Amino acid sequence: MKPFPSYASLIHRRTWQWLVPILCALLFLTTVIWLPHQAQQMESSERQEQLIADTLWVEQTIRFQLGRNEDDIRSLANAIATAHLADKKLQNRMHFLLRNHPELVRIAWIDADGKGTASNQKGSFILDDLSEELRLKLARVRDTNAPEYIQPTPPDDAQHPALMDYLFPIHQGSQHIGWVIATYSLTGILEQMVPWWFAQKNQISLTDRHENALGQRTAGGAGRGVYTYAHDLHLPYADITLRTDSVKGAPNLLPNLLVVAVVALTLGLFWSLGALWRDINRRTAVERALREQIAFRTAMEDSLVTGLRVYDLNGRITYVNPAFCRMVGIPAQSLIGLSPPMPYWAPEVLGEYQERFAQRMAGTISSHGFETVFLRHGNERFPVLVYESALVDETGQQTGWMSSILDISDRKRFEELNRRQQEKLQASARMVTMGEIASTLAHELNQPLAAITSYTTGALNLLENPAMHQDAAGMKRIRGALEKANTQAQRAGHVIRSVHSFAKRREPHRETVALPTLIADVAQLAELQASQHFISIKTDIQSDTPAVLADPMMLEQVLLNLTRNAIEAMRDVEQARRVLHIGAGPDPSAPGSVTISVADRGCGIPPHAQERLFSPFFSTKSDGMGMGLKICRTVVEFHGGTLTYADHPEGGTIFRFSLPASIATENMKK
């Protein structure tokens, strides 16, 4: 067993435990206090050394550029000495030098006789026009045969910068023939020869020996007077000093790495505390918002008329809202946790429920809604529309399925009411049509009835003769008259049955309809009206036209409406164009469909009426109801087809509608 440490050792250990952190803290504070000052001194030295190095580099750049200018002036002087430049060429050469050296403001040439030409003067000038001091300097340059710079004088104001002349003597052999004078702007020297990056960091100036400013450039602002340096340009006979004054001030303590670290740690601590406080407030706000959202969602779900139902991945109900419970008449506590079969499933569609449930479990459920039947209170059936989608959590994993259930009993009743209204409207349209053809129908029935009367009267007259009873020829004549009367009666009966079938109101009934027979019956009814306007009806039914699965009376109404419109459109055109064409055949653009067309060569459809042609209660006729084409389109769409129109190439209009063929329709239903 290890012995307990003594009291003295415990005191010694505790002393070191406190002393080491205190010493570390004192060392840290000493370092924090000493290092920033040391770093400040080092940074000041580095800045001063960098300024000196940059100033010397700029001085060398100015001297190099002035040397290049001296070479160009020497080249100009040599060209003058060899008589290669005179008059216009001399002026052009001077302007060329001024363009290439913007720091120059003037170049002049003075010959030995004292006459000269300057770049900034149109005429000539003489030596006497120059100042006495400049004439003396020219004489000295002539005698020494060495170029020199003239010491500039400080400017009177900032608008007139200081100028510096450069004098270059010209000799031809041992004979002096003149001078070239190049005048510099000291401000221009700073603008053109000092790099922009250096000017942005320093105030640059040129001064004389008395520190009078001759030129200055302050692109980056005025200098702070902390880091400065001056260096002579060493120009012959000109005492000019280049001075630089950095725009930077003395370094402060904050840029120091250690101070920044301490400040950053302090700020980080306060930021952490602030972030923690903000996070607590946010969590509190989120929890409050969550409770509000839960209360809002609960209130919203309680007020919904749409039923909501949630299945888990095993098919058990995990949630239902009050609307769903009201639909099926079962409380939520009795539904939660149930597995199929459900008590609200109707027995007659139990197989459909099982199949859809299997699809849901397999993950192949469709996002489109489907209609089915539910039970309310176990015995009352009502139609519903169900939409189902996958239910995923915040990680994207599926946890079940969400179902939205709508009770569509009211919609079904409205659809049934709307269907009955459509039937009434169609029946009314048929009655209007029958009213319009009533007079023609009376004329059409008159002929067979008159013939029947004639035949029966003749037969009665023959029967009144007793001799005819024994005569075989007489009996044959009586039988022939009765047969003709019977034929005319059948003809009249066929017309009456056709009209009666067309006008009779009944429920829609789809059956296989042969289009040749249907079109023939329509053509016979349309002929009653067409004959009054001397319009001929032609039919063109292809031999391979399949039958359609449709209500024959409804299709007959569509064709009769279209033919009546075509007849009315051709009432006022010339006789040669009064041809109504009815055609039928397979649709080449849609296999399994049949196209039926009604074409006229009438006046066509006005442009202003084309957009509203199928609108209800819109008609181009003064006495029209505006429902004919609307009913036609509704009937065609009811049969799964489309009704369109186009301009006839020879004038008039062509109406076409397509219907699924009988075989295609039956296969689609299967």
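In this report, we go over the structure that sits alongside the text. This structure is a prediction, so every number in the text was calculated from the model and none was measured. (Residues numbered from 1 in each chain as written. Predicted model: local features only at pLDDT ≥ 70, side-chain atom pairs only at ≥ 80, totals over all residues. Heavy atoms only, no water.)

Topic: the overall build of the protein chain
Check the secondary structure of the protein chain and you find 18 helices and 22 strands. Within the protein chain, buried positions represent 37% of all 670 residues. Counting every atom, the protein chain has about 38900 Å² of accessible surface; 57% of that belongs to carbon and sulfur. (Helix = DSSP H or I, 4+ residues; strand = E, 2+ residues; numbered from the N terminus. Buried < 20%, exposed > 50% of the residue type's maximum accessible area, 1.4 Å probe, protein only. Areas by Shrake-Rupley, 256 points an atom, 1.4 Å probe, with all protein chains shown as cover.)

Observations concerning unusual backbone geometry
Look at the link from Pro-340 to Pro-341: it is a cis peptide, with omega at -5 degrees. The residue Pro-341 is located in the loop between α8 (332–335) and α9 (350–362) in this model. The backbone of Glu-211 sits at a positive phi, close to 65 degrees, despite the residue not being glycine. Tracing the sequence through the fold places Glu-211 in the loop between β7 (202–207) and β8 (213–217).

Here's the deal with the environment of Ser-593
When you line up the elements, Ser-593 lands in strand β20 (residues 593–599). For Ser-593, a relative accessible area of 18% gives the class buried. It is 6.4 Å that separates the C-alpha atoms of Ser-593 and Ser-658, two residues lying 65 residues apart in sequence. Filtering out sequence-adjacent residues up to four positions away, Ser-593 remains in contact with Pro-586, Asp-587, Leu-659, Pro-660 and Ala-661. (Contact = heavy atoms within 4.5 Å.)

Some details on the side chain of Thr-207
Looking at the secondary structure, you find Thr-207 in strand β7. Taking the relative accessible area as the measure of exposure, Thr-207 reaches 4% and is therefore buried. At 2.9 Å, the side chain of Thr-207 forms a polar contact with the side chain of Arg-243. Among residues more than four places away in sequence, those in contact with Thr-207 are Asn-212, Ala-213, Leu-214, Asp-239, Ile-240, Thr-241 and Arg-243. (Polar contact = N/O pair within 3.5 Å; in protein donor to acceptor, adjacent residues only side chain to side chain.)

Brief notes about the sheet that holds β20
With respect to topology, 5 strands assemble into an open sheet ordered β17-β19-β20-β22-β21, the strand pairing being mixed. A strand with exactly one partner marks an edge of an open sheet, and here the two such strands are β17 (536–541) and β21 (642–647). Ignoring strand direction, the axes of neighbouring strands in this sheet form an average angle of 15 degrees. (Pairing = 2+ DSSP bridges. Axes fitted to C-alpha atoms, helices over the stretch in contact; angles between N-to-C directions.)

A look at a nonpolar patch on the surface
A cluster of nonpolar side chains, contributed by Trp-57, Trp-196 and Trp-197, occupies part of the molecular surface with about 390 Å² of accessible area. Looking at the element boundaries, Trp-57 is found in helix α1 (residues 7–81). (Patch = residues over 30% accessible without salt bridge, like charges linked within 9 Å, V, L, I, M, F, W, Y side chains within 5 Å. Salt bridge = Lys/Arg side-chain N within 4 Å of Asp/Glu carboxyl O.)

Regarding the packing of aromatic side chains
Each pair of aromatic rings is reported with the distance of its centres and the angle of its planes. Under the defined criterion, the tally for this structure stands at 10 aromatic pairs. With 5.8 Å between their ring centres and 40 degrees between their planes, Trp-57 and Trp-197 make a pair best called tilted. With Trp-57 in helix α1 and Trp-197 in helix α5 (residues 196–201), the pair connects residues that are 140 residues apart, well separated along the chain. For Trp-57, a relative accessible area of 44% gives the class partly exposed. Exposure remark for Trp-197: the relative accessible area of 31% places this residue in the partly exposed category. Here the aromatic rings of Phe-324 and Tyr-344 are separated by 5.3 Å at their centres, their planes lie at 85 degrees, and the arrangement is edge-to-face. Note that Phe-324 is positioned in helix α7 (residues 322–328) and Tyr-344 in the loop between α8 and α9, a separation of 20 residues in sequence. The pair formed by Phe-324 and Tyr-344 is uniform in burial state, with each residue classed as buried. Through successive ring pairs, a cluster of aromatic residues spans Phe-324, Tyr-344, Trp-345, Tyr-353, Phe-374 and Phe-382. The ring of Phe-382 carries Arg-376 above its face, with NZ or CZ at 4.0 Å from the centroid. (Phe/Tyr/Trp six-rings, centres within 6.5 Å; stacked < 30°, edge-to-face > 60°. Lys NZ or Arg CZ within 6 Å of the ring centre and 35° of its normal.)

A look at α9
The terminal C-alpha atoms of α9 lie 18 Å apart, and with 13 residues this matches the ideal 18 Å at 1.5 Å per residue to within 8%. Burial in α9 covers these residues: Tyr-353, Phe-357 and Arg-360. Each buried residue of α9 sits inside an arc of 60 degrees when the element is viewed along its axis, so together they form one side. For α9, the exposed residues lying more than 90 degrees away from the buried face are Gly-351, Glu-355 and Ala-362. (Expected span 1.5 Å × (residues − 1). Arc of directions from axis to C-beta.)

Side note on the sheet that holds β7
The strands that make up a sheet pair up through hydrogen bonds in the backbone, lying either parallel or antiparallel. With antiparallel pairing, the 4 strands of this open sheet are ordered in space as β8-β7-β10-β9. Pairing within the sheet leaves two strands with one partner each, and these edge strands are β8 and β9 (228–232). Ignoring which end each strand starts from, the neighbouring axes of this sheet average 20 degrees apart. Where β9 lies against strand β10 (residues 241–246), 5 bridges are found, and the strand directions are antiparallel. Paired with His-231 across the bridge in β10 is Leu-242. In the packing of helix α4 (residues 186–193) onto the sheet, the strands contacted are β7, β8 and β10, and the crossing angle to β8 comes to about 30 degrees.

Points about the pairing of strand β1 (residues 104–111)
When β1 meets strand β6 (residues 175–185), the two strands line up antiparallel, connected through 7 bridges. In the strand pairing of β6, Trp-109 is matched with Val-180. Judged from the 3 bridges that link them, β1 and strand β2 (residues 115–118) form a sheet pairing that is antiparallel. Following the sheet pairing, Trp-109 is matched in β2 by Thr-117.

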